[in-house]
Amino acid sequence: MKVAAVGFCCIDIYENLNIHYPTGNGIDCIINLSKKGIQTSAVSIVGTDAYGQEMLDVLKSFKIDVSHMQIAEGHTSIFRMALRNGVDRVHVENIEGVMKDFKLRPEDIEFIKTHDFVHTDLTGKILHQLPDIKTAKCQVIFDFSNKADEKNTAQLLPHIDYAFFSCESKKPEIKEFLRYAKAFGPKLVTATFGEEGSICFDGNNFHECGISKVPVVNTVGAGDAFIAGFMYGVINHLDIPGCLQSGSDTAAEIVQIFNPY
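Residues numbered from 1 in each chain as written. Predicted model: local features only at pLDDT ≥ 70, side-chain atom pairs only at ≥ 80, totals over all residues. Heavy atoms only, no water.

(A) Broad picture of the sheet that holds strand E14 (residues 206-209). Taken in spatial order, the eight strands line up as E4-E1-E9-E10-E11-E12-E13-E14 in an open sheet, and their pairing is mixed. Each of the sheet's edge strands pairs with one partner strand only, and the pair in question is strand E4 (39-43) and E14. This sheet shows a mean twist of 20° between the axes of neighbouring strands, independent of strand direction. The sheet contact formed by strand E11 (residues 162-166) and strand E12 (residues 188-192) spans five bridges and is parallel. Each residue of the ladder has a partner; that of Ala163, found in E12, is Val189. (Pairing = 2+ DSSP bridges. Helix = DSSP H or I, 4+ residues; strand = E, 2+ residues; numbered from the N terminus. Axes fitted to C-alpha atoms, helices over the stretch in contact; angles between N-to-C directions.)

Encoded structure:
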């Protein structure tokens with residue numbers, strides 16, 4: 001099985017801590033999948049600066065295919081970050097750099113279509129190409145993050161197989177929302193709630209899972225790690241409770257370290 005992460009990538013910079021690392025929702029996800037032995041690829045863009053080379057070097061170190069990572073004259077996208085309450089990451093400012101003009105080339109699209117699963121998100125800049133990717137029999141993994149109220153959610157869901165939503169708390173109305181989302185056609189719709197665990201709806205039943213109690217160093221990447229663990233379960237034909245537990249276990253590993261992988 002092959003999984004491609006397509007779209008946004010950046011360097012997270014904690015200036016007050018003098019720490020930075022390559023990241024992005026899809027990047028974090030495929031690094032965690034690669035660590036589990038899954039064949040992965042990254043399709044995005046970096047600049048000609050040192051950060052761009054660092055992104056490529058890190059991806060290669062995890063044996064991720066970077067043959068379709070575009071390199072453009074200019075600066076790699078960065079996110080200025082901060083910590084709240086010592087452990088919760090906060091996005092301060094995104095400086096897009098070369099990511100601003102990212103678009104898939106014809107050869108990138110053909111390469112993506114050779115994968116079994118394609119991960120992207122709302123910032124991936126390929127939303128209009130999801131129908132074509134889905135038609136090629138790639139299964140689409142979509143990270144809505146905490147943007148469940150996006151106006152184009154209903155238009156995107158018919159072209160998605162595995163939809164993931166991040167929520168602050170397990171409110172009673174979430175099950176109704178998952179029913180609503182599932183009706184558009186995804187195979188599974190899943191919501192995560194941080195310390196309150198996760199819920200997945202398969203069209204008939206709701207499956208719930210708690211979290212492992214572990215020391216938390218940094219919550220950055222927990223959601224991406226959950227998706228990686230969940231999809232690892234899917235790839236290995238686990239049942240839904242098994243996929244949820246795999247997602248929870250992978251997220252628990254990541255919150256115990258500072259970086260997202």
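(B) Region of interest: the nonpolar core. Core analysis: the biggest nonpolar cluster contains 80 residues, and Leu59, Met69, Leu178, Phe230 and Met231 have the highest contact counts within it. The greatest single-element share of this core, amounting to seven residues, is contributed by helix H7 (residues 222-235). When neighbours within four sequence positions are excluded, Met231 is seen to be in contact with Phe117, Ile141, Tyr162 and Phe164. (Core = buried A, V, L, I, M, F, W, Y, C linked by side-chain atoms within 4.5 Å. Buried < 20%, exposed > 50% of the residue type's maximum accessible area, 1.4 Å probe, protein only. Contact = heavy atoms within 4.5 Å.)

(C) The packing of aromatic side chains, seen in detail. Scanning all chains against the criterion turns up 14 aromatic pairs. Arranged with centres 5.8 Å apart and planes meeting at 80°, the rings of Phe62 and Tyr261 form a pair that is edge-to-face. Of this pair, Phe62 sits in the loop between helix H2 (50-61) and strand E6 (70-72) while Tyr261 is found in the segment after helix H8 (240-254), placing the two residues 199 residues apart along the sequence. Ring centres 6.5 Å apart and planes at 75° place the aromatic pair Phe164 and Phe226 in the edge-to-face group. One end of the pair, Phe164, is in strand E11; the other, Phe226, is in helix H7, with 62 residues separating them in the sequence. Looking at Phe164, the relative accessible area reads 3%, which means it is buried. Residue class for Phe226 comes out buried when judged on its relative accessible area of 5%. (Phe/Tyr/Trp six-rings, centres within 6.5 Å; stacked < 30°, edge-to-face > 60°.)

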